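What follows is each chain in one-letter form.
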Amino acid sequence: MTEAAIATRRVPRGGPDEAVRRASTQTDYDALLRTHHSADSWAANTAAIAELEARARPLVRGLSNESQRIPGLRRMLNHLAEHPGDSWQERWIAAGHEEDHKRWTSIAGTKQMTTHGLHMLLVLGVVRPSYAWLKANQFKTWFHIVSLRDRVGYERLVAAFEHFGKNLYDNRAAVVVLAHIACRTGKGPLEITGRDLLAYQQAMRGLREQGTKVKVAGVHHAWDCLRAMGTLDHPAETLRLAQLQGQLTVTELVDRHGIASERVRECLIRYLRAREGRLDYSSLQTLVAALCGLFWRDIEIHDPGADSLAISEDIADAWKRRLAVKSDGTERRGRFNVMMQVRAMYLDIATWALSDSYWIQWAAPSPINEADVAANGKQQREAKARSHQRTRERAPEVDRLLRATEDRLRLASGWRSDMEALPVGTIIEFEGVESQRIGTTSVILRPLGSVSQKDYINLSAREEEAFWAWATVHLLHQTGLRIEELLELDQFSIQRFKHPRTGEVIPLLHVYPSKGGAERLLAASPELVHVLARVVHRLRQSDGTLPLTVRYDTQEKKTLPPAPLLFQRRRARWNAMSYQYIYGLMDKPESGPGS
């Protein structure tokens, strides 16, 4: 039977006209950073020296060293006036300040007066230095730049600091970030947006790539403060969520593989657009990687100039041999899935060609025949057997793992309770080391003579890790859930069923549809109820509710609506737990509080 005959017997899976296209949610950081490039001109950039001095006088009243600020400003302006340019920004660049970030320190006169003059230059927005210059000159009075530019905005920023109750170091770090953005863009605190903070982050990454050592602190706190002030125009609740990768369009996914043939590239894009409406994003990524990366890009590399899906038998056989082996020389166990996807594409195109003339030019015999994928069933059985063998090998260790997490939690809880009862400043021996009890919100021990925070012993963090390791291991053992399903559990997952005849109440655990696409209701054993009760008790707030937390779906590359998740923890704010955090807990279930 011919390939075309086989294709006509298959149920069509839709054509390009039926496609549901995803919009790109990827952030263009380079475009954001371009918005921070200095404009050609602004009011202060072309103002006369006398006018700038007049603007500065009311701002310096009451400041320390008030008598040096206006003369210092005049000194800086006179220095810039010695260089060519139609604006102060052009003269700033012509004077070499962007090439030598410490150039200003060599200006004649006392350094203190020059420093005060430079501050006023930034306060008035006369020049807008690059981020490289701003990071190279770490002044102690950046808050003056923010407060003098916009007193009302600075007062609201201080109110946000009080709202979060962060320490002085965190607040100062956030002020430095906002001052840098203000100096670069000319904006005040109330005008800075989430896009500005993302552009700032991109600028810092660029400096690191150039070999500059850059320490960035306070960006996340600045984001939270702008959110509290009501001026943040970004949908992401936190900066971390804003920086996570979003969904790409089909075109963007295809172009990641660098296909040389424009014709074949367009064909693959149209085909994948026809398929994307019936696929979740994770499956779409897998399909694109198979068709564009493992199949066609490999064909182009070994057969330069290939411009048609009609490939010879020799080229197809050579591709199959390469597909069977990974770049490291090991066997590619998923090769049959790739061949099935390639075969399906050829058969889809043959089917669509019967009703859409565009696909006629692409209809070609499939390089994959039934014999090539006949071993697929055998491979799946072998994979299942390997999985069962791993389960049999690990089953005897389950009881030991459960006991280890219980012992770890008991020890960590005991140490935290004992140390929490001690007054702050108490000296005590812990693990053979003389340490001082510090911390008010957390129980922390500082070894005497330690000069690095890396040596501190955070007993609160150890107890938290021990608890979530215990909860994770027991929940997985009692329910058989996957980690993905575990992280999706929320307060509404805990339900109950009342038997209509006996009146008996049966606790249930509702597992939301995930990989299998089907939801489940599991009868909760007394042990499972005990674990769930402890989790809820730990998270419950004073009003009896659980915090609403946003979770990022790493498979679908999107942020989910806030929910009272069971697996969340508090740092600066309540955050949903990630796969990496759970894996970290599972890697050290036996470690005690002294580890």
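Computed from a predicted model, the values in this text were never measured in an experiment. (Residues numbered from 1 in each chain as written. Predicted model: local features only at pLDDT ≥ 70, side-chain atom pairs only at ≥ 80, totals over all residues. Heavy atoms only, no water.)

Draft legend 1. Geometry of the sheet that holds strand β4 (residues 457-458). Read across the sheet, four strands follow the order β1-β2-β3-β4 without closing on themselves; strand pairing throughout is antiparallel. Of all strands in the sheet, those with a lone pairing partner are β1 (427-430) and β4, marking the two edges. As paired strands, strand β2 (residues 433-438) and strand β3 (residues 444-447) are joined by four bridges and run antiparallel to one another. Each residue of the ladder has a partner; that of Gln436, found in β3, is Arg446. (Pairing = 2+ DSSP bridges. Helix = DSSP H or I, 4+ residues; strand = E, 2+ residues; numbered from the N terminus.)

Draft legend 2. How the structure looks around helix α23 (residues 526-539). Over its 14 residues, α23 runs 20 Å from end to end, which matches the ideal 20 Å to within 8%, given 1.5 Å per residue. Listed in full, the buried residues belonging to α23 are Leu528, Val531, Leu532, Val535, Val536 and Leu539. For α23, the arc enclosing every buried residue in end-on projection is 130°, short of the 170-degree limit, so these residues lie on one face. Away from its buried face, by an angle of more than 90 degrees, α23 presents the exposed residues Pro526 and His537. (Expected span 1.5 Å × (residues − 1). Buried < 20%, exposed > 50% of the residue type's maximum accessible area, 1.4 Å probe, protein only. Arc of directions from axis to C-beta.)

Draft legend 3. Fine view of the side chain of Glu485. Within the fold, Glu485 resides in helix α22 (residues 483-488). Filtering out sequence-adjacent residues up to four positions away, Glu485 remains in contact with Val511, Ser514 and Arg520. (Contact = heavy atoms within 4.5 Å.)

Draft legend 4. A look at the side chain of Asp348. Locating Asp348 in the fold gives a position in helix α18 (residues 335-352). A distance of 2.8 Å separates a polar atom in the side chain of Asp348 from a polar atom in the side chain of Tyr271. (Polar contact = N/O pair within 3.5 Å; in protein donor to acceptor, adjacent residues only side chain to side chain.)

Draft legend 5. Focus on the nonpolar core. In terms of nonpolar packing, the biggest core is built from 66 residues, with Leu121 and Trp142 touching the most fellow members. Counting residues per element, this core draws most heavily on helix α10 (residues 168-185), at eight residues. Those residues in contact with Leu121 that lie beyond four places of it in its chain are Leu73, Met76, Leu77, Leu80, Trp92, Val126 and Val127. Core analysis: the second largest hydrophobic core is formed by 44 residues, Val264, Tyr271, Tyr281 and Trp362 among them. (Core = buried A, V, L, I, M, F, W, Y, C linked by side-chain atoms within 4.5 Å.)

Draft legend 6. Spotlight on the sheet that holds strand β5 (residues 494-498). Spatially, the three strands line up as an open sheet ordered β5-β6-β7, and their pairing is antiparallel. Both edges of this open sheet fall to β5 and β7 (520-523), since each of them pairs with a single strand only. Adjacent strand axes in the sheet meet at a mean angle of 40° when their direction is disregarded. In this structure, strand β6 (residues 505-511) lies alongside β7, joined through four bridges in antiparallel fashion. Bridge assignment links Leu508 to a residue of β7, and that residue is Ala523. (Axes fitted to C-alpha atoms, helices over the stretch in contact; angles between N-to-C directions.)

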